Amino acid sequence: MHSSELISEGINLMLFGMGFVFVFLTLLVFVTGLMSSTVNKLVKPAPEVTNKPAPVSASAAGNQDELIAVMTAAVHKYRSGR
Amino acid sequence: MEQLLSLWQGSGLYNMGLGQLTMIVICMLLLYLAIVKNFEPLLLVPIGFGGLLANIPEAGLALSAAEQAIHFAKPEVLAAIAQALDANTADPAVLKHLVHETGPSAYAAAQLAAQDAGYSNGMLYSFYSVAIGSGIAPLVIFMGVGAMTDFGPLLANPKTLFLGAAAQFGIFATVLGAVGLSAMGLMDFSVQQAAAIGIIGGADGPTSIYVASLLAPELLGAIAVASYSYMALVPLIQPPIMRALTTPEERKIEMVQLRTVSRAEKIIFPLALLVLVALLLPDAAPLLGMFCFGNLMKESGVVDRLSDTAQNALINITTIFLGLSVGSKLIADKFLAVETLGILALGIVAFGIGTGCGVLMAKLMNKLTKTPVNPLIGSAGVSAVPMAARVSNKLGLEYNPHNFLLMHAMGPNVAGVIGSAVAAGVMIKYLGG
């Protein structure tokens, strides 16, 4: 193939490819956002249910200060472990 | 005495060529890097060993029946192959060249002629045609990667997809570089070969093997070796680029904690991605289809046995055969060429540009959006899951010990996998036959 032809083919591929990657992922950003907001509207009650047992068990544990200390330590360990 | 002589002439030592010896040394080096230096050992051990096997003189483990027949050059067999290939000469060198250039039907005829004469395909050749020639192994690996991927961080902050897109610039810039080298007459790459080399910049082993097997199978060995070696070198290649492009203040930026993502979102996401692929880019469907399938198996939670197999047993089995098959391409006359050096050099350039563009994009996002974005997570836009994200995290901790970027960097990291698969799809669409 002629060299200038080769270069122009390369430039074409770059513009077309990069453009397409951006278009695709931009669309995906919108689709994902849309999907997330719809899903969260539809299945709102679910997280509430999973959240409720936490305060109950917290009050059942009685000693709040100790619990908070333990939880802070656990969160810290979890974060630094990652 | 006669028998002793024939034993000597059939020995590996007698038949060892300089090229084969060099390749054996190179494969030993790969094994050394894998075993002692711990460079992607899961792949470099099978690749290095496959390369050793492929270069055993006279054994012809990586050769097809036709290639072996031509190598042993019995006149009547050569004549039969020449007839099958429609060539008017029975010169082994010419036939050897022709058998690679010819179309599938003539190739099949030459294979049959060689098999008639009692030659059979080498072991590694069979592995190659089953695992890579058919395209199966990279796709099965992609399914396993999908089953190991957590899209949570990406769903919590979908904007990080832009980082995954920006990092793909390395791929296309490298294509231009490879084409430029051929235009200047330094190397001789076709556009297809340039595209296959560029994909190294996606830092995604299975994707680069898949693209190379479709667009430039003759360069597959070098591309796979370059791709996996650079993935192992991520912690060395990326930090200097990341430091050069960011200020210390930017590196200290703390990001807002990610929201929790519901199970329903995680289940729907692979399906939504697949629909988008189906609508826009069917050529990326093999790669992203398997990826989404693997992810759906994991997130649905109802087929744990399948998901477990996909991310453990199956991916391990496939890796063994993929590695050996890649090793079969490390034959002296195909690997020892100036082009290989070009591929290694272009690959690292692709990687560097991808990293740089990701970081720059993250800086831009930090300027444009209200929520702070630490530019260090941009480098994770090249795939290399999860190594690139770990590098971002490590560098962030270096400048601010309370700054945990890992989860934030996982978003662009998996976005990079999607981005490079999309880029691969575009290449295949644009250049594939």
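What counts, and where the lines are drawn
- Residues numbered from 1 in each chain as written.
- Chains lettered and ligands numbered in written order.
- Predicted model: local features only at pLDDT ≥ 70, side-chain atom pairs only at ≥ 80, totals over all residues.
- Heavy atoms only, no water.
- Helix = DSSP H or I, 4+ residues; strand = E, 2+ residues; numbered from the N terminus.
- Buried < 20%, exposed > 50% of the residue type's maximum accessible area, 1.4 Å probe, protein only.
- Areas by Shrake-Rupley, 256 points an atom, 1.4 Å probe, with all protein chains shown as cover.
- Polar contact = N/O pair within 3.5 Å; in protein donor to acceptor, adjacent residues only side chain to side chain.
- Contact = heavy atoms within 4.5 Å.
- Core = buried A, V, L, I, M, F, W, Y, C linked by side-chain atoms within 4.5 Å.
- Domains from an automatic or database assignment.
- Buried area = accessible area lost by both parts, 1.4 Å probe.
- Nonpolar A, V, L, I, M, F, W, Y, C, P; charged D, E, K, R; others polar.
- UniProt positions renumbered as here; feature names shortened; annotations may be inferred.

## Observations concerning the overall build of chain A
- Helix and strand content of chain A: 4 helices and 0 strands.
- Helices and strands in chain A line up, N terminus first, as α-α-α-α.
- The 82 residues of chain A split such that 20% are buried.
- Accessible surface for chain A amounts to roughly 5,800 Å². Of this, 69% is attributable to carbon and sulfur atoms.

## Here's the deal with the side chain of Q238 of chain B
Residues and elements named next belong to chain B.
- Take Q238: it is sitting in helix α17 (residues 234-245).
- A polar atom in the side chain of Q238 sits 3.2 Å from the backbone oxygen of S379.
- For Q238, the contacting residues outside a window of four places in its chain are F351, T355, S379, V382, A388 and V391.

## With respect to the nonpolar core
- In this structure, F24 of chain A together with I47, F269, I343, I418, V422 and M427 of chain B are the most contacted members of the largest nonpolar core, which totals 128 residues.
- The residues that make up this core include at least three from each of domain 1 (17-122) and domain 2 (136-432) of chain B.
- Those residues in contact with F269 of chain B that lie beyond four places of it in its chain are L28, T32 and M35 of chain A together with F151, L154, L155 and I418 of chain B.
- Counting residues in each nonpolar core, the second largest holds 17 residues, with A66, L85, V99 and A106 of chain B among its members.

## Here's the deal with the interface of chain B and chain A
- On the chain A side, the residues contacting the 46 residues of chain B number 31 residues.
- Buried area between chain B and chain A, both sides added, is near 3,500 Å², and the carbon and sulfur share of it is 86%.
- Taken together, the elements giving at least two residues each to the side of chain B that touches chain A come down to α12 (161-166), α13 (169-183), α14 (191-198), α19 (263-280) and α26 (406-431) of chain B.
- Ranked by residue count, the leading element in the side of chain B that touches chain A is α26 of chain B, at 10 residues.
- Residues that form the side of chain B that touches chain A fall into these classes: 36 nonpolar, 8 polar and 2 charged.

## With respect to the UniProt feature "transmembrane region" (unreviewed entry) in chain A
- Here, the residues flagged by UniProt with the feature "transmembrane region" (unreviewed entry) are residues 12-34 of chain A.
- Counting secondary structure, residues 12-34 of chain A comes out at 100% helix and 0% strand; the distance between its end C-alpha atoms is 33 Å.

## A closer look at the UniProt feature "transmembrane region" (unreviewed entry) in chain B
Residues and elements named next belong to chain B.
- The UniProt feature table records "transmembrane region" (unreviewed entry) at residues 12-35, 125-149, 161-187, 267-293, 313-331, 343-361 and 409-431.
- Here residues 267-293 is 85% helix and 0% strand, with 11 Å between the C-alpha atoms at its ends.
- Secondary structure content for residues 343-361 is 100% helix and 0% strand, and the end C-alpha separation is 27 Å.

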